[in-house]
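The lines below spell out each chain.
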Amino acid sequence: MNEAISDSELVRRVRDGDTGAYGILALRYHRRLRLLAQRFVKNEDEAEDAVQGAHVLALKHFNQYSGESSYLSWMSAITVNECFSQMRKRKATVEAAEEEIETAPSSARDPERQAIDNDFDGILRGALANLPAAYSVVF
């Protein structure tokens, strides 16, 4: 039954405030849009996120759909743009993480620091061994 309703009729209904009509459009083209998104992003989850983001943007800016192209073409363009947006965000996140790793102090100990730590450990163990049993339990 939903296939019998044209895209232009559904678009008119959405403009009249019928959110259910948008749901029909979303379901009608979901698979195609997800397959399109999978060509651009790394995995199915990211593709699904891109399609959902595209739907949010489409609803927010539905008044900008002129009807000159098909609804599917309009949604495809929004979906591709959302994929590019996700890729830019992912790249920025990776670059920030790499920069954080580069500026983080090294956890590797140099030989001098290791020797000092070993000496300290030996001194501490010796001092603990000389404590009365009642006090060494605390440490």
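See the structure printed just above.
Undergrad: For this particular structure, what's the right way to read the environment of G23?
TA: Tracing the chain through its elements places G23 in helix α2 (residues 19–38). Among the residues examined, G23 registers a relative accessible area of 29% and is labelled partly exposed. Remark: the alpha-carbon pair of G23 and L10, spanning 13 residues in sequence, is separated by 9.5 Å.

Undergrad: Just to check I follow, could you spell out α2 for this structure?
TA: Residue pairs spaced three or four apart in an α-helix point in one direction, given the helix's 3.6 residues per turn. Over its 20 residues, α2 runs 27 Å from end to end, which matches the ideal 28 Å to within 8%, given 1.5 Å per residue. Where α2 bends most, at H30, the angle is about 55°. Those residues of α2 lying buried are A21, Y22, I24, L25, A26, Y29, L33, L36 and A37. Where α2 begins, the side chain of D18 points an oxygen toward the backbone nitrogen of G20, at a separation of 3.0 Å.

Undergrad: Would you mind going over the packing of helix α1 (residues 7–15) against α2 with me for this structure?
TA: Two numbers describe a pair of packed helices, the interaxial angle and the distance between the axes. Here α1 crosses α2 at 140°, and the two axes come no closer than 8 Å. With respect to their mutual orientation, α1 and α2 come out oblique. Across the interface between the two elements, D7, L10, V11, R13 and V14 from α1 touch A21, Y22, I24, L25, R28 and Y29 from α2. Here the residues of the contact of α1 with α2 are counted per class, giving 8 nonpolar, no polar and 3 charged.

Undergrad: In this structure, what is going on with the packing of aromatic side chains? I would like to understand it.
TA: Any pair of aromatic rings gets described here by the distance separating the centres and the angle formed by the planes. Per the counting criterion, the structure on display carries 9 aromatic pairs. Geometrically, the ring pair formed by F62 and W74 is edge-to-face, given 5.8 Å between the ring centres and 90° between the ring planes. You can see F62 sitting in the loop between α3 (44–60) and α4 (71–103) and its partner W74 sitting in helix α4, a full 12 residues away along the chain. On the basis of relative accessible area, F62 is assigned to the buried category, the value being 6%. Take W74: its relative accessible area is 16%, and that puts it in the buried class.

Undergrad: How should the nonpolar core be read in this particular structure?
TA: As a rule of thumb, soluble globular proteins bury nonpolar side chains together. Core analysis: the biggest nonpolar cluster contains 26 residues, and Y22, L25, F62, Y71, W74 and M75 have the highest contact counts within it. The set of elements that each furnish at least two residues to this core consists of α1, α2, α3 and α4. Here this core gets 8 residues from one element, more than from any other, and that element is α2. Beyond its immediate sequence surroundings of up to four residues, W74 is in contact with A58, H61, F62, Y65 and S69.

Undergrad: Got a minute to help me understand the pattern of salt bridges in this structure?
TA: Close approach of charged atoms allows side chains with opposite charge to pair. A full pass over the atoms with the stated rule returns 6 salt bridges. Of the charged contacts, one joins R28 and D7 as a salt bridge, the two residues approaching to 2.5 Å between their closest N and O atoms. Of the two residues, R28 is situated in helix α2 and D7 in helix α1; the sequence distance between them amounts to 21 residues. Exposure remark for R28: the relative accessible area of 26% places this residue in the partly exposed category. Between R12 and E9 there is a salt bridge, with the nearest N and O atoms lying 2.5 Å from each other. One end of the pair, R12, and the other, E9, are both in helix α1, 3 residues apart, so they sit about a helical turn from each other. Taken together, the shared-partner salt bridges connect E9, R12, R13 and D16 into one network.

What counts as what
Residues numbered from 1 in each chain as written. Predicted model: local features only at pLDDT ≥ 70, side-chain atom pairs only at ≥ 80, totals over all residues. Heavy atoms only, no water. Helix = DSSP H or I, 4+ residues; strand = E, 2+ residues; numbered from the N terminus. Buried < 20%, exposed > 50% of the residue type's maximum accessible area, 1.4 Å probe, protein only. Expected span 1.5 Å × (residues − 1). Bend = angle between axes of the 7 residues up to and from the residue. Polar contact = N/O pair within 3.5 Å; in protein donor to acceptor, adjacent residues only side chain to side chain. Axes fitted to C-alpha atoms, helices over the stretch in contact; angles between N-to-C directions. Parallel < 35°, antiparallel > 145°, perpendicular 65-115°, else oblique. Contact = heavy atoms within 4.5 Å. Nonpolar A, V, L, I, M, F, W, Y, C, P; charged D, E, K, R; others polar. Phe/Tyr/Trp six-rings, centres within 6.5 Å; stacked < 30°, edge-to-face > 60°. Core = buried A, V, L, I, M, F, W, Y, C linked by side-chain atoms within 4.5 Å. Salt bridge = Lys/Arg side-chain N within 4 Å of Asp/Glu carboxyl O.

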